[in-house]
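# Geometric and topological summary
Take a look at the letters that make up each chain.
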Amino acid sequence: MATILRCVVRLTEDACVAIAAALLRSARTGATKLGRCSNRSTGPLAMVGNILIPEIRSLIEARNFAGLREIFQDWPRADVAEVILDLPQDDRVIIFRVLPAALAADVFEYLDVEAQQELLRGMAHEQVASILNEMSPDDRTALLEEMPSLAARQLIQLLTPEERRVAQTLLGYPEGS
């Protein structure tokens, strides 16, 4: 694996993306789901993710958003969250902007509440709405319960009418509030 990683450094950016995806697929063997990312993983995929952080940052700097999407597309959601937490806040927001909405919502659910709140502050309203609407009601409720009441009410307003009713019911808010 060390030899492969040395070769990755010498290859073009597109080749790096393809090799990184292949390495991650092979490293997934034996990897376990992490749950919320407060417990940092030391498994094979997490180690590969840590090795790839410079390449991930390079893709961000080069604005190669298609490459970023390709790298994260097949990763287990918990492992994507794990790697994202090792990146600076600005890079986290960029990655969430390029991920497909359903994938971003799945990954978002694996972040601890503090990391979720930091990401929400850095995202545009449309993306926040998309992620909140795609989240499971239980995970969304856990996030909203941790937020100040005014902030939670503002986020609830971003939900679709159906998801808003579900959220208000789970939070015990009166309908229409």
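For the structure given in this document, a descriptive report is provided here. Model, not experiment: these values are computed from the prediction.

## Focus on the nonpolar core
One finds I56, F72, I95, F96, F108, L111 and L144 to be the most contacted residues of the largest nonpolar core, which totals 46 residues. If sequence neighbours within four positions are ignored, L144 has contacts with A152, L155, I156, A167 and L171.

## Overview of the pattern of salt bridges
Tallied over the full model, the rule gives four salt bridges. Among the salt bridges present, the one from R92 reaches E118, with a minimum N-O distance of 3.5 Å. A residue pair is termed long-range when its members are at least 10 positions apart, and R92 in helix α6 (residues 89-98) and E118 in helix α8 (residues 113-122) qualify at 26 residues. Residue classification places E118 among the partly exposed residues on the basis of a relative accessible area of 26%. Among the ionic pairs, E163 bridges to R140, the shortest N-O distance being 2.6 Å. Pair noted here: E163 is in helix α12 (residues 161-171) and R140 is in helix α10 (residues 137-146), with a separation of 23 residues, a long-range link.

## Concerning the environment of I71
Residue placement: I71 occurs in helix α4 (residues 65-73). I71 gets classed as buried once you look at its relative accessible area, which sits at 4%. When the C-alpha positions of I71 and I56 are compared, they lie 8.6 Å apart, and in sequence the two are 15 residues distant.

## Re the packing of α4 against α6
At a closest axis distance of 9 Å, the pairing of α4 and α6 adopts a crossing angle of 80°. With respect to their mutual orientation, α4 and α6 come out roughly perpendicular. In this structure, α4 contributes F65, L68, R69 and F72 to the contact, and α6 contributes I94, I95 and V98.

Reading the values: the criteria
Residues numbered from 1 in each chain as written. Predicted model: local features only at pLDDT ≥ 70, side-chain atom pairs only at ≥ 80, totals over all residues. Heavy atoms only, no water. Core = buried A, V, L, I, M, F, W, Y, C linked by side-chain atoms within 4.5 Å. Buried < 20%, exposed > 50% of the residue type's maximum accessible area, 1.4 Å probe, protein only. Contact = heavy atoms within 4.5 Å. Salt bridge = Lys/Arg side-chain N within 4 Å of Asp/Glu carboxyl O. Helix = DSSP H or I, 4+ residues; strand = E, 2+ residues; numbered from the N terminus. Axes fitted to C-alpha atoms, helices over the stretch in contact; angles between N-to-C directions. Parallel < 35°, antiparallel > 145°, perpendicular 65-115°, else oblique.

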